[in-house]
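Descriptive analysis of the structure
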Amino acid sequence: MDLIPFLFFVALFFNIRASIKLTLDWRGMLITTRFVREAYARLADLPAEERLERDPETPVFLHLVPAYQEPDIAVTVGALTASRYPHGRLHVVVITKEEEERAPHEAMSVSTGELVRRLRETLPPYQQKRLSHVVMSGPGRKAHQLNWALRPEVLREILTEETDPRRVFVGVSDADSIPDPDTYRWIAQRELGGQGSLAYQGIPLSLANYDRLPIRGKICAIQQSSIFIRVSIARLLNEVKRVRLLARLTARAPRLAWLVRPAFELFFRRSQICLGHNQFVRLDLMQAVGGFPTSGATEDSTLGYELGRRGVLIQALPMVEVTDLPETSEGVIRQNARWYRGVLDDIPFLWRVWRTEPTAFNLAQLVRHIGNKVVEWPIAALVYPATGWLGWYLAYHHEGHRFWFYMATGAPTVSLLLTVWVGGIMTQALIEDLHPYLPRSVDLRRKSLKEKFLGTFRCQTYWLLATRGAWRVLWALARTGRFEPAKTDRVTGRRVHTLSAASTLSPQGRGQGEGS
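Now for a look at the structure at hand. Note that the coordinates shown come from a computational prediction; the quantities given were computed from them, not determined experimentally.

**A word on the layout of surface pockets**
If you add up the space inside the second largest pocket, you get close to 630 Å³. Lining the second largest pocket are 24 residues, with Phe 35, Arg 190, Leu 237, Arg 244 and Gln 315 positioned closest to its centre. Of all the secondary-structure elements, those providing two or more residues to the lining of the second largest pocket are helix H1 (3–41), helix H9 (183–192), helix H10 (215–252) and strand E7 (315–322). In terms of residue count, H10 provides more of the lining of the second largest pocket than any other element does, seven residues in total.

See the structure below:
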């Protein structure tokens with residue numbers, strides 16, 4: 001076999017694939033930003049708190065915040081307890097660890113639990129009633145903390161016994177989250193209007209500490225935020241459309257639908273992944289799946305796969321929540337290493353699901369997970385530039401064949417231009433378009449010529465750091481057989497906020513209920 005033609009077609013395939021992927025990413029960002037703009041334009045139509053208070057069908061929210069060594073916990077908890085929602089139908093539960101109560105981090109004067117207790121004393125009485133604090137005994141990660149709050153004895157203490165689990169939604173925020181104060185009202189409107197869902201996933205953007213980041217950090221914050229809007233949320237929006245299309249075909253031509261369903265689920269269905277915060281799942285469903293999965297390093301992706309296996313369509317939630325990005329390159333690498341460890345941990349789960357229920361959908365989830373995440377994540381930052389160069393290099397071998405010569409030179413050129421246009425220009429512009437809807441005032445503009453130049457032409461910085469995180473996991477597994485994911489360090493090298501959350505929230509913040 002002649003190696004030159006083989007390498008040529010490999011390079012051509014990867015460059016065409018990259019161009020298609022960038023085009024789809026661009027479209028995904030447009031779809032999601034339009035979804036957000038339309039939702040915020042209709043905020044005035046959301047039901048008032050007085051109406052929700054009177055309606056017996058109004059959903060109840062049990063919002064969980066797992067926290068460990070979190071000096072800024074008061075900002076998140078203050079914002080959650082100040083949300084615009086009936087007082088008795090919102091319960092914010094902070095779960096800390098007993099080990100931190102015994103030995104707080106040396107850089108913190110007191111434990112996270114003590115910070116929560118002190119915050120509670122400063123809140124108005126109605127917000128004090130919303131806030132609960134429980135301490136988990138024994139070791140465990142985030143998923144174990146969340147499940148600790150879902151134990152029957154804790155639920156009985158926080159929720160009234162007559163509360164129907166079908167009316168309770170379990171929300172999750174990270175300890176650095178700043179949510180939109182109208183999130184609960186948006187979900188309540190859907191539930192009371194007959195358009196409800198068993199699960200919702202909102203939009204998390206890694207922009208809360210944007211002002212404190214250096215230029216490289218700002219580039220990473222924009223790129224990480226873009227993943228959520230162009231892939232995760234866009235996928236949820238499109239998945240609902242795909243399923244409805246098949247449902248209409250089933251209603252009109254059931255036999256044809258029966259024939260095309262396997263191919264449809266194998267090639268056109270997409271996996272749904274919860275993002276770990278700004279997410280809401282109904283309590284009865286959480287109890288049915290056995291709580292948050294604890295088998296892997298990341299409970300959110302596993303939960304999304306479990307919901308997909310059960311046929312649950314997660315509904316996209318347009319309300320925005322901002323969180324921090326790690327403030328050093330090492331922090332970004334460690335964060336992505338933890339996520340990639342979770343990707344590897346999901347393989348046995350998806351394998352068991354497919355072996356138990358060998359459907360086309362479950363097979364597609366397993367194959368795509370391995371191909372798009374396990375394999376592509378570590379190599380994408382190397383393969384796509386290498387194949388782009390290879391395409392140009394091999395072009396002269398086809399000088400006598402104009403079509404293949406133009407394809408060999410055109411495909412990598414288009415891919416490179418789209419990388420700069422979509423990744424460096426349109427991503428920045430569309431994230432900036434979301435500025436009016438952020439629950440915290442953040443200046444996202446590129447201010448200096450250097451910042452504009454680097455932000456445009458070094459838009460792949462984040463992906464290079466993510467690749468390093470993946471290879472760190474693979475190297476550790478190859479060398480020692482294990483990798484222990486590390487928690488994002490928010491204690492050292494950080495500016496500690498005061499107990500008041502009011503100063504962190506956006507001046508566009510739409511009225512009362514935004515400060516503690």
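Picking up where we left off.
**Considerations on the sheet that holds strand E5 (residues 199–205)**
What the seven strands build is an open sheet, ordered E3-E2-E1-E4-E6-E5-E7; its pairing is mixed. Strands with a single pairing partner mark the edges of an open sheet, and in this sheet they are strand E3 (131–136) and E7. Across the sheet, the axes of successive neighbouring strands diverge by a mean angle of 25°, strand direction being ignored. Pairing geometry for strand E4 (residues 168–172) and strand E6 (residues 279–282), over four bridges, is antiparallel. Across the sheet, residue Gly 171 finds its bridge partner in E6, namely Phe 280. Packed on one face of the sheet, H1 meets E5 and E7 and runs near 80° to E7. In the packing of H9 onto the sheet, contacts are made with strand E1 (60–66), strand E2 (90–97), E4, E5, E6 and E7, and the angle to E7 comes to roughly 170°.

**Points about empty space enclosed by the protein**
If you walk through the whole model with that rule in mind, you get six cavities of 30 Å³ or more. Of the voids in this model, the second largest cavity is the one considered here, and its volume is about 80 Å³. Lining the second largest cavity are 13 residues, and of these Tyr 305, Gly 308, Arg 309, Phe 361 and Gln 365 lie nearest its centre. Those elements that provide at least two residues to the lining of the second largest cavity are helix H13 (299–309), helix H14 (329–356) and helix H15 (360–394). Residue contributions to the lining of the second largest cavity peak at four residues, all from H13. In the lining of the second largest cavity, the residues fall into five nonpolar, six polar and two charged.

**What to know about unusual backbone geometry**
With phi around 55°, Gln 69 is a residue other than glycine that occupies positive phi space. Among the structural elements, Gln 69 can be located in the loop between E1 and helix H3 (73–81). Positive phi, close to 55°, is recorded for Asn 278, a residue that is not glycine. Mapping Asn 278 onto the fold places it in the loop between helix H11 (254–267) and E6.

**What about the pattern of salt bridges?**
Inspection of the entire model under this criterion finds 26 salt bridges. For Arg 212, the salt bridge identified is with Glu 327, shortest N-O distance 2.6 Å. A residue pair is termed long-range when its members are at least 10 positions apart, and Arg 212 in the loop between E5 and H10 and Glu 327 in the loop between E7 and H14 qualify at 115 residues. The partly exposed category is assigned to Arg 212, whose relative accessible area is 24%. Classification of Glu 327 by relative accessible area gives partly exposed; the value is 24%. One continuous salt-bridge network, built from bridges that share partners, spans Glu 101, Glu 114, Arg 117 and Arg 118.

**Things to note about the side chain of Ser 225**
Relative to the helices and strands, Ser 225 is located in helix H10. Residue Ser 225 is classed as buried on the basis of its relative accessible area, which comes to 0%. In terms of polar contacts, Ser 225 uses its side chain to reach the backbone amide nitrogen of Ser 206, at 2.9 Å.

**Points about the environment of Val 116**
Examined against the element boundaries, Val 116 turns out to sit in helix H5 (residues 112–122). C-alpha separation for the pair Val 116 and Tyr 126, spaced ten residues apart in sequence, amounts to 16 Å.

**Focus: the pairing of E6**
Of the two faces of E6, the one holding Gln 279 and Val 281 and the one holding Phe 280 and Arg 282 are both buried throughout. Direction of pairing for E5 relative to E6: antiparallel, over a ladder of three bridges. Bridge pairing in E6 links Gln 201 to Gln 279.

About the criteria used
- Once a new chain begins, its residue numbering starts again from 1 and follows that chain's sequence as written.
- With the structure being a predicted model, the display of local features is reserved for residues of pLDDT at least 70 and the display and counting of side-chain atom pairs for 80 or more, all residues being used for whole-chain, interface and lining totals.
- Derived side-chain values reflect all non-hydrogen atoms in the structure, with water molecules and hydrogen atoms excluded from consideration.
- Put simply, the grid is 1 Å and covers the protein atoms alone, a cavity is a trapped set of points that fit a 1.4 Å probe, a pocket is an open set with protein on both sides within 12 Å along at least five of seven lines, and lining residues have an atom within 4 Å of a point.
- Grid points are joined across faces, edges and corners, and a volume is the space filled by probe spheres set on the points.
- A helix here means a DSSP run of H or I that spans at least four residues, while a strand means a run of E at least two residues long, and both kinds are numbered starting from the N terminus.
- Pairing between two strands is assigned when DSSP locates at least 2 bridges connecting them.
- Note on geometry: axes are C-alpha line fits, over the in-contact stretch for helices, and angles between N-to-C directions span 0 to 180 degrees.
- The contact criterion used throughout is that any non-hydrogen atoms of two residues lie within 4.5 Å.
- Three classes are used, and their members are as follows: Ala, Val, Leu, Ile, Met, Phe, Trp, Tyr, Cys and Pro are nonpolar, Asp, Glu, Lys and Arg are charged, and the others, Gly among them, are polar.
- The working definition used for a salt bridge is a side-chain nitrogen of Lys or Arg within 4 Å of a carboxyl oxygen of Asp or Glu.
- Classification of residues uses two cut-offs on accessible area relative to the type maximum, computed with a 1.4 Å probe and protein chains only: under 20% is buried, over 50% is exposed, and between them is partly exposed.
- Whenever a nitrogen or oxygen atom comes within 3.5 Å of another N or O atom, the pair is scored as a polar contact, on the condition that within protein one atom can donate a hydrogen and the other can accept it, and that pairs from neighbouring residues in sequence are kept only if both atoms are in side chains.

Purely geometric numbers; function is a separate question.
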